[in-house]
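A look at the structure
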Amino acid sequence: MTEPTAKKSMDEIMALCKRRGFIFQASEIYGGINGFWDYGPLGAQLKKNLKDAWWQDTVLTPPPGPDGKPVSMVGLDSCIIQNPKVWVASGHVGGFNDPMIDCRESKRRYRADHLWVLGVADAAQERFYAYVEGDDEGRDRALKLLGKYTKRQLTDADVVASPLAKHPASALTNTVGPDTKEVGTLTEPRAFNLMFKTYVGATASEEDVAYLRPETAQGIFLNFKNVTDTTRVKMPFGIAQMGKAFRNEVTPRNFTFRSREFEQMEIEFFCAPGTTNEWYAFWRDLRMRWWQSLGLASDNLVLREHDKDELAHYAKTGAGTSDVEYRFPFTYPGFGELEGIADRSDFDLKQHAQHSKTKLEWFDPEAKERYVPHVIEPSAGADRGVLALLCEAYTPDPARPSKVYMKFAPRLSPLKAGVFPLVAKDGMPEIAEKLYQELKPRFGAVEFDPKQTIGKRYARMDEAGCPFCFTIDSDTAKDQSVTVRERDTCAQERVALDKVSTYLAERILV
Ligand code: GAP
């Protein structure tokens, strides 16, 4: 079992992401833009490796289904902008809202469901102090201010923390906001629609309003008929798509966890109405195992079944909804959602059939019956996946000069190998360059680095998460072997120069 991620510092992880080119603030030279992030060279490759693994394992080679037969899956790549009627039918224009609270004094904006309040446990409540869920400093500040107000040295045992949403609206007049010192500055919660609007065409009039998709899923429902008309898929089958989604989040935060532009990897799995329970259980368990297979430690990963009152509008009936959750440093001791697996019933196909006046049905030729398929949806976030991989991989190690290495599974590692001449003389650079040119076409993400001391070069590779480094030294010309150094253990051994490619393939291409 690895150390829980909670012991790691999010500030240090973010600093490494910036220093080594995993993730940058978008528009950084203009002061950034809240809720948007760019992936640097290492981050872009890491994210691509994650998406490739998802496509490979869920679309191309999923394991057999509950009936022991191959699972039928096809891919799709639909548009970000669709006819705006799509989002009326899906319920997003009318109902894709988050409750928002403003502070009149600090001009800050909060998600009402992310605000918690502290009050004194043993007193008739006079005053509450609000803080943002998961913000330890904010909670400490609230505790301090509450102590000052009650003129008591308060400990955790003296106070009660509860979600603001559980309090009556009238309690707001007795609440001090997270960034103020006075009561009554917070507004009542208001619904805020998360859809990004844009205009299609030259006039920019109200008739030309369109929306950036808030989920990739709807593009799949829109193409249900196209796919069934043009392929030989048979019920049950899945359509998978990954791509950008956009949400004008009220409070983007926690690095890339809640962004305004992000990527999803979604499957809509269509099946006969009476079979949803078994397919729901299949996808829920498979998706949990998949995240585990990427190296996320078991004690940092949970599968959580939603309570009835948490279910989305499309999942009120049916087999249920579960989340695969990861214990991020900023959610500790709790967990944050990586992927949701939901029984969406026949909600979406029925909505689109009704609004578009197009039949979206399946005809079962054996049973000679027509029905609207039900849908099990495993919906994962690529950015949250990358963030979990970064948090999990970050391994401080006082025993080595770099003090930290990124322990990615070799399959996901953005760099597969480093090739170094020990020193830039005595023919070593030439041999190293030749080895580099041999490995590069086969493994792609291979780096040749002739600069700095060997210790510094290993440290650079450790921070990039490169699992193997090959060093050409003064013995290489004599015995035709090189030193291979393994990232996690720092163990070194000699490998024959002409066996390096096979050595690497056996450990990387798993
Ligand atoms: N089609 C269903 C759907 O979109 P969701 O729970 O809203 O469900 C699915 O989103 C996944 O997308 C989440 O589990 C999360 O990984 C990712 N996601 C959602 N909102 C996000 C945001 N603001 N920033 C980054 N990832 C997000």
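As the structure is a computational prediction, the values presented were derived from the model and not from experiment.

Quick look at the overall build of the protein chain now. A count of helical and extended segments in the protein chain gives 14 helices and 27 strands. Projected onto its principal axes, the C-alpha positions of the protein chain cover 80 × 75 × 50 Å. For the protein chain, contacts bridging at least 24 residues in sequence account for 65% of all contacts bridging at least 6. When the accessible surface of the protein chain is summed, it comes to about 24200 Å², and 52% of that surface belongs to carbon and sulfur atoms. Of the charged side chains in the protein chain, 68 are positive and 73 negative; the average position of the first set lies 2 Å away from that of the second.

Around the ligand, the surrounding shell holds 20 residues, and the nearest of these are Glu215, Arg247, Glu249, Glu266 and Glu337. When the ligand sits alone it has 550 Å² of accessible area, and the protein chains cover 90% of it. Contributions of two or more residues to the shell around the ligand are made by β14 (261-271), β17 (336-345) and β20 (374-381). Take the shell around the ligand: its biggest share by element is five residues, from β17. Of the residues belonging to the shell around the ligand, the class tally is four nonpolar, six polar and 10 charged.

Looking now at the pattern of salt bridges. The final tally for this structure, using the stated rule, is 36 salt bridges. The partner of Glu263 in a salt bridge is Lys51, and the shortest N-O contact between them spans 2.7 Å. In this pair, Glu263 sits in strand β14 while Lys51 sits in helix α2 (residues 41-60), placing the two residues 212 residues apart along the sequence. A single burial state applies to Glu263 and to Lys51, both of which are buried. A salt bridge links Asp475 to Lys478; the nearest nitrogen and oxygen atoms lie 3.4 Å apart. Accessibility expressed as a relative area gives 34% for Asp475, which makes it partly exposed. Taking the relative accessible area as the measure of exposure, Lys478 reaches 68% and is therefore exposed.

Before going further, it helps to spend a moment on the layout of surface pockets. Taken as a whole, the second largest pocket encloses approximately 550 Å³ of empty space. Lining the second largest pocket are 21 residues, with Asp67, Lys69, Lys234, Met235 and Pro236 sitting closest to its centre. Looking at side-chain class alone, the lining of the second largest pocket contains 12 nonpolar, three polar and six charged residues.

It is worth spelling out the sheet that holds strand β7 (residues 128-132) at this point. The strand order across the open sheet built from four strands is β8-β6-β7-β9, with neighbouring strands paired in mixed fashion. Sheet topology places β8 (159-163) and β9 (175-176) at the edges, where each strand pairs with a single neighbour. Where strand β6 (residues 115-120) lies against β7, four bridges are found, and the strand directions are antiparallel. Residue pairing in the sheet places Val117 in a bridge with Ala130 of β7. Here helix α5 (residues 136-150) sits on the sheet and contacts β6, β7 and β8; the angle it forms with β7, its principal contact strand, is near 170 degrees.

Think of interface size as the accessible area that goes away when the parts come together; that is how it is often given. Once the domains are mapped, the protein chain shows domain 1 (5-87 + 203-392), domain 2 (97-192) and domain 3 (415-508). The partner domain 2 presents 10 residues to the seven residues of domain 1 that form the contact. Between domain 1 and domain 2 the total buried area reaches about 680 Å² when both faces are included, carbon and sulfur atoms providing 51% of it. Of all residues in domain 1, Val250, Thr251 and Arg253 give up the largest surface area on contact with domain 2, accounting jointly for 69% of the area buried on that side.

In this section: helix α1 (residues 10-19). Helical periodicity: at 3.6 residues per turn, an α-helix aligns residues three or four positions apart in one direction. Inspection of α1 places Met10, Ile13, Leu16 and Cys17 among the buried residues, and these make up the whole buried set. Taken down its axis, α1 places every buried residue within 125 degrees of arc, on the same side. The elements touched by buried residues of α1 are β1 (23-25), α10 (382-393), β21 (394-396), β22 (404-406) and α12 (454-464). The opening residue of α1, the one whose side-chain oxygen lies 3.3 Å from the backbone nitrogen of Asp11, is Ser9. Within two residues after α1, Gly21 carries a phi angle of roughly 80 degrees, on the positive side.

Okay, helix α9 (residues 347-356) next. Within the sequence span of α9, burial applies to Asp348, Leu349 and His352. All buried residues of α9 fall inside an arc of 95 degrees around its axis, so they share one side. Packed against the buried residues of α9 are α3 (85-89), α6 (217-222), α7 (224-230), β14 and β17. Positioned one or two residues after α9, Lys357 has a phi angle of 60 degrees, which is positive.

Another aspect to go through is the pairing of strand β4 (residues 97-102). Judged from the four bridges that link them, β4 and strand β10 (residues 190-193) form a sheet pairing that is antiparallel. In the strand pairing of β10, Met100 is matched with Arg190. Strand direction decides the pairing type here: β4 and strand β5 (residues 109-111), joined by three bridges, are antiparallel. Opposite Asp102, over in β5, you have Arg109 as the bridge partner. Count of turn residues in the β4/β5 antiparallel hairpin: six residues, of which Lys107 carries a positive phi of about 65 degrees.

We now examine unusual backbone geometry. Here the bond from Met235 into Pro236 is cis, since omega is 0 degrees, no more than 30 degrees from zero. By the element assignment, Pro236 lies in the loop between α7 and β13 (237-246). Here the residue pair Tyr332 and Pro333 is connected by a cis peptide bond, since its omega of 5 degrees sits within 30 degrees of zero. Among the secondary structure elements, Pro333 is positioned in the loop between β16 (321-326) and β17. Despite not being glycine, Ser27 has its phi angle at roughly 55 degrees, a positive value. Relative to the helices and strands, Ser27 is located in the loop between β1 and β2 (37-39). Taking the relative accessible area as the measure of exposure, Ser27 reaches 37% and is therefore partly exposed. The phi torsion at Cys490 lies on the positive side, around 65 degrees, for a residue other than glycine. Relative to the helices and strands, Cys490 is located in the loop between β26 (481-486) and β27 (492-496). With relative accessibility at 29%, the residue Cys490 sits in the partly exposed group.

Definitions and cut-offs
- Residues numbered from 1 in each chain as written.
- Predicted model: local features only at pLDDT ≥ 70, side-chain atom pairs only at ≥ 80, totals over all residues.
- Heavy atoms only, no water.
- Helix = DSSP H or I, 4+ residues; strand = E, 2+ residues; numbered from the N terminus.
- Contact = heavy atoms within 4.5 Å.
- Areas by Shrake-Rupley, 256 points an atom, 1.4 Å probe, with all protein chains shown as cover.
- Lys, Arg positive; Asp, Glu negative; His and termini not counted.
- Charge placed at Lys NZ, Arg CZ, Asp CG, Glu CD.
- Near = heavy atom within 4 Å.
- Nonpolar A, V, L, I, M, F, W, Y, C, P; charged D, E, K, R; others polar.
- Salt bridge = Lys/Arg side-chain N within 4 Å of Asp/Glu carboxyl O.
- Buried < 20%, exposed > 50% of the residue type's maximum accessible area, 1.4 Å probe, protein only.
- 1 Å grid on protein atoms, 1.4 Å probe; cavity = no way out; pocket = protein on both sides within 12 Å on 5 of 7 lines; lining within 4 Å.
- Points joined across faces, edges and corners; volume = space filled by probe spheres on them.
- Pairing = 2+ DSSP bridges.
- Axes fitted to C-alpha atoms, helices over the stretch in contact; angles between N-to-C directions.
- Domains from an automatic or database assignment.
- Buried area = accessible area lost by both parts, 1.4 Å probe.
- Arc of directions from axis to C-beta.
- Polar contact = N/O pair within 3.5 Å; in protein donor to acceptor, adjacent residues only side chain to side chain.

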